[in-house]
Amino acid sequence: MKPVQLTVDNIAKAIFTVNRHAKTALNPSFLYLLKKKAIEKLLEEGKAKKVGLHFSRNPRYSQQQSDVLVAVGDYYFHIPPTKQDFAVLPHLGSLNDSYRNPPARMPLSEAKALLIAYTGLKEKPEQKPKRLTRPVFKRLGDRY
């Protein structure tokens, strides 16, 4: 596998791939953290732009909630808003179902490696669950 260059387009494809896999992963927390840190770094460097606010499709606790729409190259992503975002960004209303991100063909391992190299995050090795001991069943009245 040849190394992929850290261009804005490749980073956007990697974020898209990681985000798509995180939606169905058993433990998506590291994948979502990678996405968040990569977008934050792109925003700091001026390579991404906050477009506006969208109503969330799955609001928590049955309340109305908004997400920030971020443009990275040809791709659009949603991230949680800050208090400042509500004061600065325009509200775009509901999500537009007619727009889809361009398809990206990138293996998850390559996308993770690219974002890890870009953000500097390290994935903690998955800890095996502690082995449970079997319960000891005693007859009624037995002490030991």
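These numbers come from a predicted model, not from an experiment. (Residues numbered from 1 in each chain as written. Predicted model: local features only at pLDDT ≥ 70, side-chain atom pairs only at ≥ 80, totals over all residues. Heavy atoms only, no water.)

1. Examining the packing of aromatic side chains
The geometry of two aromatic rings is summed up by the distance between their centres and the angle between their planes.
In step 1: Applying the stated criterion across every chain yields a total of 3 aromatic pairs.
In step 2: An angle of 90° between the planes, with centres 5.3 Å apart, marks the rings of Tyr76 and Tyr99 as edge-to-face. On the criterion of sequence distance, the pair formed by Tyr76 in strand S3 (residues 75–79) and Tyr99 in the loop between helix H3 (83–88) and helix H4 (108–119) is long-range, its members being 23 residues apart.
In step 3: By relative accessible area, which is 39% here, Tyr99 ends up partly exposed.
In step 4: Here the aromatic cluster, defined as three or more aromatic residues joined through ring pairs, consists of Phe16, Tyr75 and Phe77. (Phe/Tyr/Trp six-rings, centres within 6.5 Å; stacked < 30°, edge-to-face > 60°. Helix = DSSP H or I, 4+ residues; strand = E, 2+ residues; numbered from the N terminus. Buried < 20%, exposed > 50% of the residue type's maximum accessible area, 1.4 Å probe, protein only.)

2. Overview of the environment of Arg105
In step 1: Tracing the chain through its elements places Arg105 in the loop between H3 and H4.
In step 2: Separated by 89 residues in the primary sequence, Arg105 and Phe16 place their C-alpha atoms 9.8 Å from one another.

3. Some words on the packing of helix H1 (residues 8–22) against helix H2 (residues 29–45)
Two numbers describe a pair of packed helices, the interaxial angle and the distance between the axes.
In step 1: Relative orientation of the contacting elements H1 and H2 amounts to 155°, with a least axis distance of 9 Å. The angle between the axes of H1 and H2 places the two elements in the roughly antiparallel class. The two elements H1 and H2 meet at a crossing, and its hand is left-handed. Contact residues: Ile11, Ile15, Val18, Asn19, His21 and Ala22 in H1; Leu31, Tyr32, Lys35, Ala38, Ile39 and Leu42 in H2. (Axes fitted to C-alpha atoms, helices over the stretch in contact; angles between N-to-C directions. Parallel < 35°, antiparallel > 145°, perpendicular 65-115°, else oblique. Left-handed = near helix turned anticlockwise from the far one by under 90°. Contact = heavy atoms within 4.5 Å.)

None of this, on its own, says anything about what the molecule does.
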